[in-house]
Each structure stands twice: as structure tokens, then as C-alpha cells.
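Overview (structure and organization)
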Amino acid sequence: MDMLKDMNQALAYIEEHLDQDIDYAKVAQLAGTSEYHFRRLFSYLAGISLNTYVRNRRLSQACQELHINNMKVIDIAIKYGYHSVDGFTRAFKDWLGIAPSEVKSVQDLKVFPRMTFQLTIRGGIDRNYRIEQKDAFKLVGIKRRVAIVFEGENSAIVELAQSITEEQRRRLQSYRNTDVTTVVNASYHFSEDRYEEKGELDHLIGSITTLDADFEGFEVVEVPACTWVIFNSVGPYPHTLQETWARIASEWLPSSSYELIEVPEICFSGNLSDPERVYSEIWIGVKEKA
């Protein structure tokens, strides 16, 4: 419950500073977490990025003031953080579909209401996970920048997997010297608008290794020693894997004593011969909240 109180205090601070520069370090402090974790958690819970939320709230407030008051468009634009009328007008038209100068002639106005977080109790579905400390390792593989897809197969990732040659597969297999002996998928460098399903991410298909070797031709991502929360699931692929991601975001993270750290999100699956009963694991790097 304290987590909800802290998150709502952070939102209240944002609301009070819509017409000022927002100190996002202060926002995170009020939420009792790091700025990185707050932004990720906000996006998980709200379904939009924090930047998008703030922009929409500012445009909504600007719309109301343009309709009610006799302020000039330039004054409203400056009040809500825009440096020019042209920039404000473009953003306003993208959001409302009309220019700011046309607001007074419109009867039905669009509103983007203030958000609050509330506790929702959901049905008891077990979520199997374990917490492990792991030494530093490397992710080695083939990488591509891909669009984000939350449901069903991601065609760009399928194409990436199909592009890996037999020689590359053999080399990648030879690097595996940890308890993870299968192909891994890792996602990192997420776009800000990830949770609006508009963004992109770097996706790597390859191996986990601790070897110091010549990885010529492959992307190499150094992953520091840290704490991992490892979730496992069995069910239809990829639906169960994607559902597990959603439950981690909406249920486990908000109620846990952990926050995310900036390391790749890793997942891998077992035998796919029976697509209705595929074992999968998801790894997320965390640290305890201060």
C-alpha cells in the first residue's frame, strides 16, 4: 500500500508542475525509487510512457485554458514548455486534430484526465520464480533493431533467427559454458514509447558465456554481476511467455521489494516440438529498493 501512496505522491508532484520544469529526480525520490525504475514501472502500469503522459496532460490543460480564457496562443505555449508557436501548434494538432486558434469554435473538447494508481486484486494465479545472484557474463550473438510486438510472433525477430547461418550457430553453441545451454533472446536499449507498442528495441539471439574469446562477427554485450529474478512457465508458445511478461509488469513488480536495473531482459525456451507445453524462462535484473 505504501508503494501506491508513493507513486501517487509522485503523480501529484507532476500535476503541480505541469506549467514548470519537472524535476524527474524529485519525482523518483517521492516514489521511493530510482528514476530509471520509476519510468519503467510507470510505463508498465499506465500503458504509456511517462513523457507521453506529461505531454498529454500539458496539452489537455492548455486546451482547457484556450477554451475558457482569452490568453494568446504564444503565452499558453510558453506556459506549458514550448519554445515556439509552431512547435506547440504541431503537437496540439497531433493530439486534438485542430489548431489551438480553433479551440473556441469547438463544442466538444478532448480531455486527458489526471491519472492515479489504485490497488486491483486479481485472481490467484501462481507465478513461479526464483532469485539468483550471478557473476558477470557476456551475451554473444546476432543483433537487430526491431519494432516492439506484444502479442503473437514478431516477424522481424523470426527473420533475424532465420538469418543465422549454420556456421554461426555452431560457433555460438561452442561458447556456451554456463548452466544455460540453449539459445537465448535478449532485449535492451528500449525506446521511450515501448509500452505504447510504438517503439523499438535491440534484440539479440545468441548465447550466454564467460569465455574470453574472439567473438568476431558477433555482437557482444557485457552484463555485470547482479541479482536476477527468474520466472518460469509452461504452456502454449509464445502466448504463455508474453502473458508472463505482462503479469511480471502489472502484478509482481509493483508489489515486490525490488526495482529494475539497466541490464538486458533475457528469455529462452526449451523444446518447441510440442507448442502447447513449452518451458520458458524470463530473467530480469533487479536490486532491492532503498
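Residues numbered from 1 in each chain as written. Predicted model: local features only at pLDDT ≥ 70, side-chain atom pairs only at ≥ 80, totals over all residues. Heavy atoms only, no water.

**Section: the overall build of the protein**
- Within the protein, the secondary structure is distributed over 9 helices and 9 strands.
- The C-alpha extent of the protein, read off along each of the three principal axes, is 70 × 40 × 35 Å.
- The proportion of buried residues among the 290 residues of the protein is 47%.
- Across the protein, contacts joining residues at least 24 apart in sequence account for 74% of those joining residues at least 6 apart.
- A total accessible area of about 15,400 Å² is found for the protein, and carbon and sulfur atoms account for 47% of it.
- Distance between charge centroids for the protein: 3 Å, based on 32 positive and 43 negative side chains. (Helix = DSSP H or I, 4+ residues; strand = E, 2+ residues; numbered from the N terminus. Buried < 20%, exposed > 50% of the residue type's maximum accessible area, 1.4 Å probe, protein only. Contact = heavy atoms within 4.5 Å. Areas by Shrake-Rupley, 256 points an atom, 1.4 Å probe, with all protein chains shown as cover. Lys, Arg positive; Asp, Glu negative; His and termini not counted. Charge placed at Lys NZ, Arg CZ, Asp CG, Glu CD.)

**A few points about the packing of helix α3 (residues 35-46) against helix α4 (residues 50-68)**
- Across the interface, α3 lies against α4 with an axial gap of 9 Å and an inter-helix angle of 70 degrees. Considering their axes alone, α3 and α4 lie roughly perpendicular with respect to each other. Counting all contacts with α3, which are made through F38, R39, F42 and S43, the residues of α4 involved are L50, N51 and Y53. (Axes fitted to C-alpha atoms, helices over the stretch in contact; angles between N-to-C directions. Parallel < 35°, antiparallel > 145°, perpendicular 65-115°, else oblique.)

**So, helix α6 (residues 85-96)**
- In this model α6 runs 16 Å from its N-terminal to its C-terminal C-alpha over 12 residues, within 8% of the 16 Å that 1.5 Å per residue would give.
- If you check which residues of α6 are buried, you get G87, F88, T89, A91, F92, W95 and L96.
- Residues of α6 that are buried make contact with α4 and α5 (73-79).
- A positive backbone phi angle near 95 degrees is found at G97, which sits one or two residues after α6. (Expected span 1.5 Å × (residues − 1).)

**Examining the packing of aromatic side chains**
- As enumerated under the stated definition, the model contains 16 aromatic pairs in all.
- Ring geometry for F137 against W283: centres 6.4 Å apart, planes inclined by 80 degrees, an arrangement best described as edge-to-face. Of this pair, F137 sits in strand β2 (residues 137-147) while W283 is found in strand β9 (residues 278-288), placing the two residues 146 residues apart along the sequence. In terms of burial, F137 and W283 fall into one category: buried.
- Members of the aromatic cluster, connected to one another through ring pairs, are F38, F42, Y53 and F112.
- Taking the ring centre of Y24 as reference, the NZ or CZ of R39 above it sits at 4.6 Å. (Phe/Tyr/Trp six-rings, centres within 6.5 Å; stacked < 30°, edge-to-face > 60°. Lys NZ or Arg CZ within 6 Å of the ring centre and 35° of its normal.)

**Quick look at the nonpolar core**
- I14, F38, F42, Y53, F88, F92 and I284 are the most contacted members of the largest nonpolar core, which totals 51 residues.
- For this core, the leading source of residues is α4, giving 7 residues.
- Core analysis: the second largest hydrophobic core is formed by 18 residues, L139, V221, V223 and F268 among them. (Core = buried A, V, L, I, M, F, W, Y, C linked by side-chain atoms within 4.5 Å.)

**A look at the pattern of salt bridges**
- Counted under the stated rule, the structure contains 14 salt bridges.
- A salt bridge links R39 to E35, with the nearest nitrogen and oxygen atoms 3.1 Å apart. Of this pair, R39 and E35 both sit in helix α3, 4 residues apart, which is roughly one turn of the helix.
- Through salt bridges that share partners, R130, E132, K134 and E281 make up one connected network. (Salt bridge = Lys/Arg side-chain N within 4 Å of Asp/Glu carboxyl O.)

**Comments concerning the environment of T52**
- Structurally, the position occupied by T52 is in helix α4.
- Judged by its relative accessible area of 6%, T52 is buried.
- For T52, the side chain forms a polar contact with the side chain of S49, separated by 2.8 Å. (Polar contact = N/O pair within 3.5 Å; in protein donor to acceptor, adjacent residues only side chain to side chain.)

**A word on the pairing of β9**
- Burial of β9 is extensive: 8 of the 11 residues sit out of reach of the surface.
- With 9 bridges connecting them, strand β6 (residues 226-235) and β9 associate as antiparallel partners. Each residue of the ladder has a partner; that of I230, found in β9, is W283.
- Examined bridge by bridge, strand β7 (residues 258-260) and β9 share 3 bridges and lie antiparallel to one another. The partner of L260 across the bridge, within β9, is V286.
- Pairing geometry for strand β8 (residues 265-269) and β9, over 4 bridges, is antiparallel. Its bridge partner being in β9, F268 is matched across the sheet by E281. (Pairing = 2+ DSSP bridges.)

**A short note on the state of the cysteines**
- In this structure the tally under the stated criterion is 0 disulfides.
- The thiol of C226 is not disulfide-bonded; the next cysteine sulfur, from C267, is found 16 Å away.
- Taking the relative accessible area as the measure of exposure, C226 reaches 10% and is therefore buried. (Disulfide = S-S within 2.5 Å.)

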